[in-house]
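Below, each chain spelled out in residue letters.
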Amino acid sequence: MTVPALSLDGVSCTFVARDGDASGYAALRDVSLSVEAGEFVSVVGPTGCGKSTLLNMAAGLLAPSTGRVRVFGEPLVGLNRRAGYMFQAESLMPWRTALGNVTAGLSFRGARDADARALATEWLQRVGLAAFADRYPHQLSGGMRKRVSLAQVLVLDPDIILMDEPFSALDIQTRQLMENEVLALWGAKKKAVLFITHDLDEAIAMSDRVVILSAGPGSRVVGDFRVDLERPRDVAEVRTAPRFVELHKAIWDVLRDEVLAGYQQQLAKA
Amino acid sequence: MWRHIKPSRRTLRAWQLVVLIAIFALWHVLTVPGLVPHFLFSDDNQAAFFFGEPLKIFGRIIHWFFIDRDIYVHLGVTLLETVLAFAIGTALGLGTGLWLALSPLAAAIFDPYIKAMNAMPRVILAPIFAVWFGLGVASKVALGVTLVFFIVFFNVYQGVKEVSTVILANARMLGASRRQLLRHVYLPSATSWVFSSLHTSVGLAFVGAVVGEYLGSSQGVGYLILQAEGSFDINTVMAGILVLTAFALGLDAMVGRVEKALMKWQPQAAESEQL
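The structure displayed is predicted, hence computed values, not measured ones. (Residues numbered from 1 in each chain as written. Chains lettered and ligands numbered in written order. Predicted model: local features only at pLDDT ≥ 70, side-chain atom pairs only at ≥ 80, totals over all residues.)

**Q** Would you explain the pairing of strand β9 (residues 209–213) of chain A in this entry?
**A** It is a general feature of regular strands that their side chains alternate between the two faces of the sheet. Residue and element names in this part refer to chain A. Burial within β9 is extensive, with 4 of its 5 residues counted as buried. Across 4 bridges, the pairing between strand β3 (residues 40–44) and β9 is parallel. Considered in β9, the bridge of Val44 is made with Ile212. Taken together, the 5 bridges between β9 and strand β10 (residues 221–226) define a ladder with antiparallel strand orientation. By the bridge assignment, Arg209 is partnered in β10 with Arg226. (Buried ≥ 20, exposed ≤ 12 C-beta atoms within 10 Å, placed from the backbone. Helix = DSSP H or I, 4+ residues; strand = E, 2+ residues; numbered from the N terminus. Pairing = 2+ DSSP bridges.)

Rendered as structure tokens:
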């Protein structure tokens, strides 16, 4: 068996509790998850179940309280240098142009200016923004900014791509376009992808596997479904396939209980 | 007729000019001896003595600039002091702000002292600076620096503290080292705050220069005003004030230009304004 690109072995993450509880607030408890090289894995779960925490640990931005993270078999120390991270919130540097933002990672890593520009221009073309290279982020629409972010991450050719609800702020049409673009780019390069979303349709349409986290605190993995839909897929069309509907029903049966549990907890706190 | 000259965006400049002319006209009418009967003072000449006469003031300014040509050296000195105070104060404020914002422990230690120094009325340091640095340019620069430093410092400190954590995390994931973070994330973010305080700090550098000159010097526009005041020459005092005001406006416009050129990445309200 090959070594997984990314594996989390029994990781937990405990934060200092706001209400002064000495034992702290456990966002994740004993979560194990692995992503093979070239595999597209989505994680879904109710709001506040620690999905972003999971991704931050995979990125090395956050150290797990217990358990360990391995990257291609090596224990992760510090930042995950083989991963690219696409954030949920606005993450572009507002003082750099679209092109400047895409070249940033290359020049941080010591590439020559001319090389960085050439490669970045190529990627801006690939995400359809060649004409907007000299625009600043505030001059771009939300969807364009997301595409710049995508180019910014992919230009570095990372072996692992981490995505945290990257399209949640976009309208449905732009979103489907972006999802198809991501699938096309991923299909060409076959990187390991860990994709966080709260949208089950999106998760099934895009992934090879869908992992379900339980409601927090102390979220665990409560389901792991293989999505055996044919590729290449069109995210809009695949939703009507009979197999898609079957999978959706099976996964939703598990997810629904967690969503309800999460909702009850929020009500209890309020 | 009224339709064409009533105040609107188009006639803004004209109306601003009208206000200026009206002020000077009123000033002229009320101060020239004998033009209108005195009503506030006991004598026709007192209004002119206390408030000066616009025509004589303009005469003075014309003499300074075109006939005697003796103001340039004074203006040059004041400008030099302003620019030096501004440059040194900004550099120190930027450096200290970055340092303290990035090392919270040092910030915690120095916090009360910085607050104390900021709360102190620093103009009172002018005589001390005169003793330390003499009556030349250096003492005025020192005063200006103490004024500019805190404005820039607090803005940079705030600016670095408020760098978006997502942008920081993103830059780190893209491979930025600590140095690169400083250069490519903290510094640009802080500069935007420096620029937002630039108008205030240039103004204060100017205040430092003029107040320093006024308190003891042998050159500069502040010195000219002090000299004239000593001989009750109100027209020259007013002329000096007008020259300083025009100069400050010019500096402010220059800052505006620099700001516009360097901050083009920031969204501007006008950009999405409706036609």
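**Q** Can you walk me through the sheet that holds strand β5 (residues 74–75) of chain A in this structure?
**A** Working definition: the strands of a sheet are paired by backbone hydrogen bonds and lie parallel or antiparallel to each other. All names here are of chain A. Pairing in this open sheet of 4 strands is antiparallel, and the strands run β2-β1-β4-β5 from one edge to the other. What marks the edges here is a single partner per strand, and that holds for β2 (25–35) and β5. Sheet analysis places strand β4 (residues 66–71) next to β5, joined by 2 bridges and oriented antiparallel. Across the sheet, residue Val71 finds its bridge partner in β5, namely Glu74. Across the sheet, helix α1 (residues 51–59) touches β1 (6–15), β2 and β4, and the angle it forms with β1 is around 120°. (Contact = placed C-beta atoms within 7 Å. Axes fitted to C-alpha atoms, helices over the stretch in contact; angles between N-to-C directions.)

**Q** In this structure, what is going on with the domain arrangement of chain A? I would like to understand it.
**A** In many reports, interface size means the accessible area that the parts give up when they come together. All names here are of chain A. Entries for chain A in the domain assignment read domain 1 (6–82 + 161–166 + 193–269) and domain 2 (85–157). The C-alpha centroid of domain 2 is placed 27 Å from the C-alpha centroid of domain 1. Listed by partner, the interface residues are 7 residues for domain 1 and 6 residues for domain 2. Here the side of domain 1 that touches domain 2 is built from residues that sort into 5 nonpolar, no polar and 2 charged. (Domains from an automatic or database assignment. Nonpolar A, V, L, I, M, F, W, Y, C, P; charged D, E, K, R; others polar.)

**Q** Explanation requested: helix α7 (residues 126–133) of chain B in the structure shown.
**A** In an α-helix, one turn spans 3.6 residues; hence positions three or four apart end up facing the same way. All names here are of chain B. Taken residue by residue, α7 has Ala126, Phe129 and Ala130 as its buried positions. In an axial view of α7, the angular spread of the buried residues amounts to 105°, which keeps them on one side of the axis. Exposed and facing more than 90 degrees away from the buried side of α7 are Pro127, Ile128, Val131 and Trp132. Positioned one or two residues after α7, Gly134 has a phi angle of 85°, which is positive. (Arc of directions from axis to C-beta.)

**Q** Hey, could you run me through the domain arrangement of chain B in this one?
**A** Per the domain assignment, the segments of chain B are domain 1 (2–51) and domain 2 (71–263). Computed from C-alpha coordinates alone, the two centres of domain 1 of chain B and domain 2 of chain B are separated by 36 Å.

**Q** Can you help me understand the interface of chain B and chain A in this one?
**A** Each partner contributes residues to the interface: chain B has 14 residues there, and chain A has 19 residues. The set of elements that each furnish at least two residues to the side of chain B that touches chain A consists of α9 (165–173) and α10 (178–196) of chain B. At 6 residues, α9(B) tops the list of elements feeding residues into the side of chain B that touches chain A. Across the side of chain B that touches chain A, the residue classes tally to 10 nonpolar, 3 polar and 1 charged.

**Q** So what exactly am I meant to see when it comes to the nonpolar core here?
**A** A general feature of soluble globular proteins is that nonpolar side chains tend to end up buried together. By size, the foremost hydrophobic cluster in this structure holds 122 residues, and its most contacted members are Ala58(A), Leu162(A), Leu194(A), Val148(B) and Val156(B). Looking at this core element by element, the count peaks at 15 residues for helix α8 (residues 137–161) of chain B. Non-local contacts of Leu194(A), meaning those with residues more than four positions away in its chain, are made with Leu6(A), Val35(A), Val41(A), Val43(A), Leu55(A), Ala58(A) and Leu162(A). (Core = buried A, V, L, I, M, F, W, Y, C linked by C-beta atoms within 7 Å.)

**Q** I keep staring at the packing of helix α2 (residues 98–108) of chain A against helix α4 (residues 142–154) of chain A and nothing clicks. Help me out?
**A** The angle between the axes and the distance between the axes are what describe a pair of packed helices. Residues and elements named next belong to chain A. Where α2 contacts α4, the axes come no closer than 7 Å and their chain directions differ by 25°. Judged by the inter-axis angle, α2 sits roughly parallel to α4. Seen along the crossing, α2 lies across α4 with a hand that is right-handed. Contact with α2, carried on its side by Ala98, Asn101, Val102, Ala104 and Gly105, involves Val148, Ala151 and Gln152 of α4 and no other residues of that element. (Parallel < 35°, antiparallel > 145°, perpendicular 65-115°, else oblique. Left-handed = near helix turned anticlockwise from the far one by under 90°.)

**Q** In this structure, what is going on with unusual backbone geometry? I would like to understand it.
**A** Working note: non-glycine residues mostly have negative phi, and peptide bonds are mostly trans. Residues and elements named next belong to chain A. The omega torsion across Arg231 and Pro232 is -5°, close enough to zero to call that bond cis. With respect to the element layout, Pro232 can be found in the loop between β10 and α7 (242–269). Even without a glycine there, the phi angle at Asp30 is positive, about 50°. Within the secondary structure layout, Asp30 lies in strand β2. A positive phi angle is found at Lys190, which is not glycine, with a value near 50°. Inspection of the secondary structure puts Lys190 in the loop between α5 (172–189) and β8 (192–196). Of the residues examined, Lys190 has 11 C-beta atoms within 10 Å and is grouped as exposed.

**Q** Can you walk me through the sheet that holds strand β6 (residues 83–86) of chain A in this structure?
**A** All names here are of chain A. An order of β6-β7-β8-β3-β9-β10 is seen for the 6 strands of this open sheet, with the pairing classed as mixed. Strands at the two margins of the open sheet, each flanked by one partner only, are β6 and β10. Neighbour-to-neighbour, the strand axes of this sheet turn through a mean angle of 15°, independent of strand direction.

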